[in-house]
Amino acid sequence: MVIRRIFGRKKKDEDETEEVETETEAVEIEEEPEAEVEAEAAVEEPEQVEEEVVEEPVPEPTGYIPYHDSIIDRLKYMFSADMAVGVQGPDEFRLEFMAMGERFHVAKPANGDVEVKLGTVSDEDVFIRIGDDAVRELLSASTFSEFSNIYLRYYKNPEAGKFVKIELRKDVSNLNRRGYARVPLLKLLIGTAR
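Residues numbered from 1 in each chain as written. Predicted model: local features only at pLDDT ≥ 70, side-chain atom pairs only at ≥ 80, totals over all residues. Heavy atoms only, no water.

Let us now look at unusual backbone geometry. For Asn 111, which is not glycine, the phi torsion reads 60° and is therefore positive. Within the fold, Asn 111 resides in the loop between strand E2 (102–108) and strand E3 (115–118). On the accessibility criterion, Asn 111 (63% relative accessible area) is exposed. In this model, Asp 123 sits at a positive phi of 55°, which is unusual for a non-glycine residue. The residue Asp 123 is located in the loop between E3 and strand E4 (126–130) in this model. Here Asp 123 falls in the partly exposed class, since its relative accessible area comes to 49%. (Helix = DSSP H or I, 4+ residues; strand = E, 2+ residues; numbered from the N terminus. Buried < 20%, exposed > 50% of the residue type's maximum accessible area, 1.4 Å probe, protein only.)

Structure, rendered in structure tokens:
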């Protein structure tokens, strides 16, 4: 009967119990419910453990990027998602971009939050220009891996309208000391990811 209770055949067990009760003496009837209560108590503990395991939230796949209609929105998302693991450390950075006819920057003060804003930033670490057609392809990337491949392809092999030009305003060793090498997204954006 214990096996049937585990697999959810409770109703059938109740019918069999009634049949057994009518066929047996009163002494046997009293003993059988005690045995059932013990069996049910033993069965309940594993079921509770199974329920706890089932109720745990399933982690979302990392690296997937939702649709964005501008490169600014895409970078805001990427700097706030799992792709920017390690960016919240004490190091500061300033990246300036020119894309789709707009200048914007991504900056983080020491021990502060990442900010993505329109306009220029003073004393930037890196200046990045992205061609309009390259921006469209970057926006169509659905994963971080795909985004990286497109970014690096147009950085290494620029074409007309499809290019990524990176001008380091500070030495790479200085940038790596400040934490660029620890953050995959920053490493990609400054062109040191290979």
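For the rest of this paragraph, the subject is the packing of helix H5 (residues 132–140) against helix H6 (residues 144–156). Between H5 and H6, the least distance of the axes is 8 Å, while the angle of their chain directions is 165°. On the basis of their axis angle, the class for H5 and H6 is roughly antiparallel. The crossing of H5 and H6 is right-handed. Contact residues: Ala 134, Glu 137, Leu 138 and Ser 140 in H5; Glu 146, Phe 147, Ile 150, Tyr 151, Arg 153 and Tyr 154 in H6. In terms of residue class, the contact of H5 with H6 is built from 6 nonpolar, 1 polar and 3 charged. (Axes fitted to C-alpha atoms, helices over the stretch in contact; angles between N-to-C directions. Parallel < 35°, antiparallel > 145°, perpendicular 65-115°, else oblique. Left-handed = near helix turned anticlockwise from the far one by under 90°. Contact = heavy atoms within 4.5 Å. Nonpolar A, V, L, I, M, F, W, Y, C, P; charged D, E, K, R; others polar.)

Attention now goes to the sheet that holds strand E5 (residues 164–168). Spatially, 5 strands are ordered E3-E2-E1-E4-E5 in an open sheet, and the strand pairing comes out mixed. Edge positions in the sheet fall to E3 and E5, since each has one partner strand and no second. Sheet twist, expressed as the mean angle between neighbouring strand axes with direction ignored, is 20°. Across 5 bridges, the pairing between strand E1 (residues 93–99) and E4 is parallel. When the sheet's bridge partners are listed, Glu 96 is paired in E4 with Phe 127. Contacting E4 and E5, H6 runs over the sheet at an angle of about 75° to E5. (Pairing = 2+ DSSP bridges.)

Taken as a whole, helix H4 (residues 71–80) has its buried residues at Ile 71, Ile 72, Arg 74, Leu 75, Met 78 and Phe 79. Along H4, the residues classed as buried sweep out an arc of 160° about the axis, all on the same side. In this structure, the buried side of H4 is in contact with E1, E2, E3, H5, H6 and helix H8 (184–189). (Arc of directions from axis to C-beta.)

We now examine the nonpolar core. In terms of nonpolar packing, the biggest core is built from 40 residues, with Phe 79, Leu 95 and Ile 130 touching the most fellow members. For Leu 95, the residues in contact, after removing those within four places along its chain, are Phe 79, Phe 104, His 105, Val 106, Val 126, Tyr 180, Leu 186, Leu 189 and Ile 190. (Core = buried A, V, L, I, M, F, W, Y, C linked by side-chain atoms within 4.5 Å.)

Here we take up H6. Under the 1.5 Å per step criterion, the end-to-end length of H6 is 18 Å for 13 residues, consistent within 8% with the ideal 18 Å. Those residues of H6 lying buried are Phe 144, Phe 147, Ser 148, Ile 150, Tyr 151, Leu 152 and Tyr 154. The inward-facing, buried residues of H6 contact H4, E4, H5, E5 and H8. (Expected span 1.5 Å × (residues − 1).)

Once that is clear, we can look at the pairing of E3. For E2 and E3, the ladder comprises 4 bridges, and the chain directions are antiparallel. The residue bridging Ala 107 from the neighbouring strand is Glu 115, located in E3. Between the antiparallel neighbours E2 and E3 lie 6 residues, among them Asn 111 with a positive phi of about 60°.

This brings us to the pattern of salt bridges. Under the counting rule described, the total for this entry stands at 12 salt bridges. Between Arg 136 and Asp 133 there is a salt bridge whose closest N-O contact spans 2.7 Å. Of the two residues, Arg 136 and Asp 133 are both situated in helix H5; the distance of 3 residues between them amounts to about one turn of the helix. You can call Arg 136 partly exposed: its relative accessible area is 47%. The shortest N-O distance in the salt bridge between Glu 137 and Arg 153 comes to 3.9 Å. Linking Glu 137 in helix H5 with Arg 153 in helix H6, this pair joins segments that are 16 residues apart in sequence. On the basis of relative accessible area, Arg 153 is assigned to the partly exposed category, the value being 39%. Ionic contacts of the salt-bridge type, sharing partners, join the residues Glu 92, Arg 94, Asp 123, Asp 125, Lys 170 and Arg 178 into one network. (Salt bridge = Lys/Arg side-chain N within 4 Å of Asp/Glu carboxyl O.)

By themselves these figures say nothing about function.
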